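Structural overview for review
One-letter residues, chain by chain:
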Amino acid sequence: MAVEAHGHRDEHLPLLDGLHEQYSVHLDKFDGPMDLLLHLIKKNELDICDISIAVITRQYLEYIKLMKELNLEVAGDFLVMAATLLQIKSRQLLPVNDQEEPEIDESDPRVELVRRLLEYQQYKEAGMVIGARALLGREVFLRAVSEPALAAAQNTEGPLVVSLFELVDAFRALLQRIPAESFHDVAPGDSLSIADCINEILSLLQEQGTVQFDELVRDEFTRERVIVNFLALLELCRLKMIRIFQGSDHGSIWFIPAVAADDEASSEV
Amino acid sequence: MNSELIFIIESLIFTAETSLSTDRICELLIEFERSDIKSALSDLIGYHQGRGGSFDLVEVAGGWQFRTRPAFHSYITRHIKTRTSKFSQSALETLAIIAYRQPITRAEVEHLRGVDCGGVLKTLLEKYLVKILGKKDIPGRPLIYGTSKEFLEIFGLKDLKSLPTLREIQALDAVPQYERQEELQLEPERPFPVESQLPFE
Amino acid sequence: MNSELIFIIESLIFTAETSLSTDRICELLIEFERSDIKSALSDLIGYHQGRGGSFDLVEVAGGWQFRTRPAFHSYITRHIKTRTSKFSQSALETLAIIAYRQPITRAEVEHLRGVDCGGVLKTLLEKYLVKILGKKDIPGRPLIYGTSKEFLEIFGLKDLKSLPTLREIQALDAVPQYERQEELQLEPERPFPVESQLPFE
């Protein structure tokens with residue numbers, strides 16, 4: 001943390017030329033606006049719970065200005081914080097109602113910021129503590145050799161372990177080879193998914209052979225559920241996996257597997 | 001006897017991927033005398049032999065290596081045979097295709113992967129990760145596959161809609177947009193840009 | 001004391017690629033009583049601690065594993081390449097937030113850090129330090145993240161409970177050196193709600 005964002009513009013501007021290199025090396029040490037704010041509070045020896053917004057805001061803005069002058073890209077997150085600081089500062093300028101009790105001042109516009117700063121500081125320190133541990137592969141090592149006598153023993157019965165990210169990552173890698181248009185997202189983001197309904201319908205069909213539409217929505221008769229189930233049926237029909245029947249006009253809708261279960265003997269795999 | 005040197009040598013042999021020759025050890029520990037290294041090494045060998053533990057320091061292919069004693073191999077193979085294993089890339093890819101495109105036929109999976117998937121599909125069926133959902137009424141009446149309840153369990157998913165969409169994973173790469181956030185905002189809530197799109201077009 | 005059982009257990013742990021839990025050891029050694037296994041295991045741990053060699057039997061990610069002592073790393077790295085590079089401050093901060101606050105969404109991490117975390121999060125996912133736990137039941141159904149078994153392995157933690165509590169961290173004046181790391185486990189108190197979804201138990 002060697003950056004000196006000076007309190008007075010006049011102090012640093014004449015120095016700028018000679019410092020270009022030094023600054024560009026150190027600027028990225030701030031890990032975002034919270035980190036910069038903590039640095040400014042520490043540098044000014046302020047109490048984190050009673051910071052002078054005026055001082056901090058001025059220095060913070062000077063720092064951003066400096067970044068711009070040095071042609072460094074100022075991340076949007078820094079601007080968000082600048083706006084937050086300015087907002088707090090402007091709220092402090094508003095006349096305070098004398099009737100209000102200023103002791104536990106929930107109306108202090110700094111409260112939210114201080115809470116966030118304290119919390120951020122905790123995690124920043126926690127990060128340093130865990131980072132200071134002896135890490136496997138860096139300070140601590142395992143036995144690397146595998147024994148030839150045991151290499152012959154094959155893992156045959158063990159369960160498989162895999163993470164969700166690996167699955168998604170495998171799919172992502174696949175998409176780099178083939179056009180994305182051949183895929184749809186299974187999950188529509190919210191609530192019910194058609195894929196879940198398809199799975200449900202097909203397992204019901206495997207159990208009982210015929211299913212009536214009402215059965216699908218009996219337990220939870222909502223507009224959404226009816227629509228999604230209906231879309232699932234249309235999709236299954238399109239895929240030629242089911243056949244749909246209707247006994248009479250406005251009668252119940254029934255459906256059965258498009259291919260009877262008994263010729264399952266001619267299995268493919 | 002220099003016990004520190006003994007343990008330095010032990011740490012080198014313990015972590016080496018192949019057996020370490022005395023020459024190689026001397027090369028790595030240039031600050032020590034060759035004669036000291038040799039005597040420390042022989043102390044180390046003596047120590048492990050004397051201990052009579054499950055593993056021993058033995059000379060293999062001109063170097064030194066820790067090896068378990070053969071008497072324990074029957075126990076060790078019990079573990080190896082039944083330990084958890086990682087998915088192969090082809091199993092993972094096939095499973096991903098089925099998860100994201102179910103219901104799907106084997107031919108469709110193979111069309112996407114460009115290779116035969118019979119073996120992988122069989123393994124996935126045997127591990128109960130994939131199940132047969134039914135048959136398609138088209139020539140050949142191919143079987144249709146989908147993921148099972150076990151699939152959801154192994155990935156800790158409540159249902160299929162909890163599967164991360166590709167868009168969500170790709171959103172991790174995306175450069176965030178700030179235009180909207182330059183307005184004064186105390187809490188910049190930034191949820192994922194999830195577009196609610198029906199899965200079948 | 002059954003010294004044969006001690007060495008059988010030693011051979012299993014010595015050859016296993018990942019840490020072996022007491023449960024797993026009992027599962028493999030069905031012919032022995034669980035209580036005998038437990039006492040043999042504690043004898044074995046005591047033996048290796050007392051030996052003070054270059055490697056030690058330590059509890060990591062819910063199981064037992066032989067690992068070299070940190071003091072020897074400068075010699076080991078002469079012939080073994082370090083796999084784990086130094087973590088950036090942002091990676092550590094993000095990891096800490098996820099470790100202490102899991103399950104947590106990306107938006108929550110970003111709110112705490114005040115910066116976009118997509119890139120860091122993706123790197124942590126790719127290094128398997130963080131994993132997707134599922135989706136949160138709130139509008140938009142954002143993905144929720146937690147730390148993985150690899151996180152415990154790399155940081156040499158027995159379980160999530162052995163992370164220093166945030167209160168302990170605040171009490172520390174300086175960043176502790178790794179030699180001191182065992183001492184950090186002051187109280188067994190849970191610093192955050194541990195969900196049953198977590199992979200180790």
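In this text the structure is predicted, and so the values were computed from the model without any measurement.

Details of the overall build of chain A
Each helix and strand in chain A was counted, giving 11 helices and four strands. For chain A, the residues scored as buried account for 48% of the 269 residues in total. Put simply, 58% of the contacts in chain A that link residues at least 6 apart link residues at least 24 apart. Entry remark: accessible area of chain A is about 13,800 Å², with carbon and sulfur atoms responsible for 53%.

What to know about the sheet that holds strand β5 (residues 130-135) of chain B
Taken in spatial order, the three strands line up as β4-β6-β5 (chain B) in an open sheet, and their pairing is antiparallel. Each having just a single partner strand, β4 (104-105) and β5 of chain B make up the two edges of the open sheet. Relative to strand β6 (residues 143-147) of chain B, β5(B) runs antiparallel, the two sharing five bridges. In the sheet register, Lys135(B) faces β6(B), and the bridge partner there is Leu143(B). Sheet strands in contact with helix α9 (residues 194-208) of chain A are β5 and β6 of chain B, and its direction is about 70 degrees off that of β5(B). Strands β4, β5 and β6 of chain B of the sheet are contacted by helix α5 (residues 89-101) of chain B, whose axis makes an angle of about 95 degrees with β6(B).

Quick look at unusual backbone geometry
The linkage connecting Gln102(B) with the following residue, Pro103(B), adopts the cis geometry, with an omega of -5 degrees. Mapped onto the secondary structure, Pro103(B) falls in the loop between α5 and β4. One non-glycine residue, Glu45(A), lies in the positive phi region at around 55 degrees. As for its position among the elements, Glu45(A) is in the loop between α3 (33-43) and α4 (53-69). One non-glycine residue, Lys240(A), adopts positive backbone phi at about 60 degrees. Judged by its relative accessible area of 42%, Lys240(A) falls in the partly exposed class.

Description of the packing of aromatic side chains
Taken as a whole and assessed by the stated rule, the structure comprises 15 aromatic pairs over all chains. Ring geometry for Phe66(B) versus Phe14(C): centroids 6.3 Å apart, planes at 80 degrees, classification edge-to-face. Of the two residues, Phe66(B) is situated in strand β2 (residues 63-68) and Phe14(C) in helix α1 (residues 3-15); the pairing between them involves two chains. Taking the relative accessible area as the measure of exposure, Phe66(B) reaches 1% and is therefore buried. The structure contains a cluster of three or more aromatic residues connected by ring pairs, namely Phe14(B), Phe55(B), Phe66(B), Phe14(C), Phe55(C) and Phe66(C). Against the face of Tyr128(C) rests Lys86(B), its NZ or CZ located 5.7 Å from the ring centre.

Notes on the side chain of Glu110(C)
Residue and element names in this part refer to chain C. Along the polypeptide, Glu110 turns up in helix α6 (residues 106-113). Accessibility expressed as a relative area gives 4% for Glu110, which makes it buried. Of the polar contacts made by the side chain of Glu110, one reaches the backbone nitrogen of Cys117; its length is 2.6 Å.

Concerning the confidence of the model for chain A
Interpretation of this model should avoid reading the predicted coordinates in detail wherever pLDDT is low. Residue and element names in this part refer to chain A. Here chain A averages 74 in pLDDT, and 74% of its residues register 70 or above. At the level of individual helices and strands, chain A shows its lowest average pLDDT in helix α1 (residues 9-12), which scores 43, and its highest in helix α6 (residues 111-131), which scores 89. Counting interchain partners and residues more than four positions distant, the pLDDT-below-50 stretch residues 185-190 has 25 contacts.

With respect to the sheet that holds strand β4 (residues 130-135) of chain C
Residues and elements named next belong to chain C. Pairing within the open sheet is antiparallel, and its three strands lie in the order β3-β5-β4. Every interior strand has two partners, whereas the edge strands, β3 (104-105) and β4, have only one. Direction of pairing for β3 relative to strand β5 (residues 143-147): antiparallel, over a ladder of two bridges. Its bridge partner lying in β5, Thr105 is registered against Ile144.

Quick word on the pairing of β5(C)
With five of five residues buried, β5(C) lies mostly within the body of the structure. Neither face of β5(C) is exposed, since Leu143(C), Tyr145(C) and Thr147(C) on one face and Ile144(C) and Gly146(C) on the opposite face are all buried.

Here is what the cut-offs are and how they apply
- Residues numbered from 1 in each chain as written.
- Chains lettered and ligands numbered in written order.
- Predicted model: local features only at pLDDT ≥ 70, side-chain atom pairs only at ≥ 80, totals over all residues.
- Heavy atoms only, no water.
- Helix = DSSP H or I, 4+ residues; strand = E, 2+ residues; numbered from the N terminus.
- Buried < 20%, exposed > 50% of the residue type's maximum accessible area, 1.4 Å probe, protein only.
- Contact = heavy atoms within 4.5 Å.
- Areas by Shrake-Rupley, 256 points an atom, 1.4 Å probe, with all protein chains shown as cover.
- Pairing = 2+ DSSP bridges.
- Axes fitted to C-alpha atoms, helices over the stretch in contact; angles between N-to-C directions.
- Phe/Tyr/Trp six-rings, centres within 6.5 Å; stacked < 30°, edge-to-face > 60°.
- Lys NZ or Arg CZ within 6 Å of the ring centre and 35° of its normal.
- Polar contact = N/O pair within 3.5 Å; in protein donor to acceptor, adjacent residues only side chain to side chain.
- pLDDT = per-residue confidence, 0-100.

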